[in-house]
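Below are the chains, spelled out letter by letter.
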Amino acid sequence: MSDAILGPNRYGKAQTRVVHVDRHGEQHVLRDLNVSIALAGDLTATHLTGDNTTVLPTDTQKNTVYAFARDGIGSPETFALRLARHFVATQAAITGSFVDLESYGWNRLGPHSFRRDGSEIRTVHVEHRAGADLLVGGVRDLVVLNTTDSEFAGFAVDEYTTLAPASDRILATAVTARWRYDGDVTEPGQWDERYGRVRDCLLTAFAGTYSRSLQQTLFAMGARVIDEVPTVGEVRLALPNRHHFLADLAPFGRDNPGTVFSAADRPYGLIEGTVLRAGTAADLRAW
């Protein structure tokens, strides 16, 4: 007789691409999303006996994305909440629904013409369980760089340390940030405006902080969001250090007064941290 038992599990449809064009008015509005869905609940029978009575096909989940998009997507947060609540409300065996969205930006060139934005991707994570929602906004691959006002010195040294202190360096990173919205998310709100406010806080803090370490910059960015966006209770940041090394031009008889650099993509330092609103506990869920 086997000692094996079934542990936590879920299933769903990953990376359904959906593009919606709102043709009302003279200027078309474009939304471009990548949608991933996962469902959890009473799924023991399908794992142990192959009984699929409680399994809503992943193809149906994909079709639901397109059907819901027909009514309009609106903000990514609103669309993710609609989907997550739908599956729990309509499937008796499903007690938890998880939706992750990537939203790709497009810059307007004219009333119905667009140019794909840069590498930056807006993200949304929604969990709907027991009638409650967890809503997490985010951004990925937000590439930023300061050409000065950054140093790194006074660090710990051991027998393997070769890094020299830097009193003036380029600081560059590709920001991954996620933030938890507190309060009542059932009120639609102005999600695009809220996303813009958080993004602006991250950029303003990065540009305006004299950095003695990327850790210091990370905290300044998270703190700016907490201080200026009252609906956010927690910010998680991951900042890879995109190193720029001064190029050695001496072999060519040329000086290099902090002008020419070699950009290295790996290996890289990775700085991660969480900034919380005072008086709140860290959210231990993995989002």
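Please read these numbers as outputs of a predicted model, since none were measured by experiment.

The rules we used
Residues numbered from 1 in each chain as written. Predicted model: local features only at pLDDT ≥ 70, side-chain atom pairs only at ≥ 80, totals over all residues. Heavy atoms only, no water. Helix = DSSP H or I, 4+ residues; strand = E, 2+ residues; numbered from the N terminus. Buried < 20%, exposed > 50% of the residue type's maximum accessible area, 1.4 Å probe, protein only. Contact = heavy atoms within 4.5 Å. Areas by Shrake-Rupley, 256 points an atom, 1.4 Å probe, with all protein chains shown as cover. Salt bridge = Lys/Arg side-chain N within 4 Å of Asp/Glu carboxyl O. Pairing = 2+ DSSP bridges. Axes fitted to C-alpha atoms, helices over the stretch in contact; angles between N-to-C directions. Parallel < 35°, antiparallel > 145°, perpendicular 65-115°, else oblique. Left-handed = near helix turned anticlockwise from the far one by under 90°. Nonpolar A, V, L, I, M, F, W, Y, C, P; charged D, E, K, R; others polar. Phe/Tyr/Trp six-rings, centres within 6.5 Å; stacked < 30°, edge-to-face > 60°. Lys NZ or Arg CZ within 6 Å of the ring centre and 35° of its normal. Expected span 1.5 Å × (residues − 1).

A.B. asks: In this structure, what is going on with the overall build of the chain? I would like to understand it.
C.D. replies: Along the backbone of the chain there are 5 helices and 10 strands. Seen through its principal axes, the chain has C-alpha atoms that stretch 75 × 65 × 40 Å. The buried share of the chain, reckoned over its 287 residues, is 39%. Pairs at least 24 residues apart make up 64% of the contacts formed inside the chain by residues separated by at least 6 positions. Of the roughly 16000 Å² of accessible surface on the chain, 52% is carried by carbon and sulfur atoms.

A.B. asks: Sorry, what's going on with the pattern of salt bridges here?
C.D. replies: Pairing between side chains of opposite charge can happen when their charged atoms approach one another. Considering all chains together, one arrives at 18 salt bridges under this definition. A salt bridge links aspartate 192 to arginine 31; the nearest nitrogen and oxygen atoms lie 2.6 Å apart. Residue aspartate 192 is located in helix H4 (residues 191–208), and its partner arginine 31 is located in strand E2 (residues 29–41); the two are separated by 161 residues in the primary sequence. Residue classification places aspartate 192 among the partly exposed positions, given a relative accessible area of 35%.

A.B. asks: What am I meant to see in the pairing of strand E7 (residues 232–240) here?
C.D. replies: For a regular strand, side chains alternate in direction, first toward one face of the sheet and then toward the other. For E7, a buried count of 9 out of 9 residues is recorded, marking the element as mostly surrounded by other parts of the structure. Bridge count for strand E6 (residues 171–181) against E7 is 6 bridges, and the pairing is antiparallel. Looking across to E7, one finds that threonine 176 is bridged to alanine 238. In this sheet, strand E10 (residues 270–276) lies alongside E7 in antiparallel orientation, the contact comprising 7 bridges. Following the sheet pairing, proline 240 is matched in E10 by leucine 270.

A.B. asks: Sorry if this is basic, but what is going on with the packing of H4 against helix H5 (residues 214–228) here?
C.D. replies: A pair of packed helices is captured by two measures, namely the crossing angle of their axes and the spacing between those axes. At a minimum axis distance of 8 Å, the contact between H4 and H5 shows a crossing angle of 140°. In terms of orientation, H4 lies oblique with respect to H5. Along this stretch, H4 crosses H5, giving a crossing that reads as right-handed. For the pair H4 and H5, the contacting residues are Arg197, Val198, Cys201, Leu202, Thr204, Ala205 and Phe206 in the first and Thr217, Ala220, Met221, Arg224, Val225 and Glu228 in the second. Counted by class, the contact of H4 with H5 contains 8 nonpolar, 2 polar and 3 charged residues.

A.B. asks: I tried to follow the packing of aromatic side chains on my own but got confused; where do I start?
C.D. replies: This model, assessed by the stated rule, comprises 3 aromatic pairs. Ring geometry for phenylalanine 152 against phenylalanine 155: centres 4.9 Å apart, planes inclined by 15°, an arrangement best described as stacked. For phenylalanine 152, a relative accessible area of 27% corresponds to the partly exposed category. We note arginine 10 situated over the ring of phenylalanine 98; from NZ or CZ to the ring centre the distance is 4.7 Å.

A.B. asks: How do you make sense of the sheet that holds strand E5 (residues 132–146) when you look at a structure like this?
C.D. replies: Two strands in a sheet stick together by hydrogen bonds in their backbones, pointing the same way (parallel) or opposite ways (antiparallel). Spatially, the 8 strands line up as an open sheet ordered E1-E2-E3-E4-E5-E6-E7-E10, and their pairing is antiparallel. The sheet terminates laterally at strand E1 (16–22) and E10, the two strands that pair on one side only. For this sheet, the mean inter-axis angle between neighbouring strands, taken without regard to orientation, is 20°. Each of E1 and E2 is contacted by helix H2 (residues 58–70), which is oriented at about 10° to E1, the strand it contacts most. Running over the sheet, helix H3 (residues 76–90) touches E2, strand E3 (94–110), strand E4 (113–129) and E5 and is turned about 155° from E3.

A.B. asks: Can you help me understand H5 in this one?
C.D. replies: Working note: α-helix, 3.6 residues per turn, so residues spaced by three or four point in the same direction. Compared with an ideal rise of 1.5 Å per residue, which puts 15 residues at 21 Å, H5 spans 21 Å between its outermost C-alpha atoms and is within 8% of the ideal. By the burial criterion, the buried members of H5 are Leu214, Thr217, Leu218, Met221, Gly222, Ala223, Val225 and Ile226. In this structure, the buried residues of H5 make contact with E6, H4, E7 and E10.

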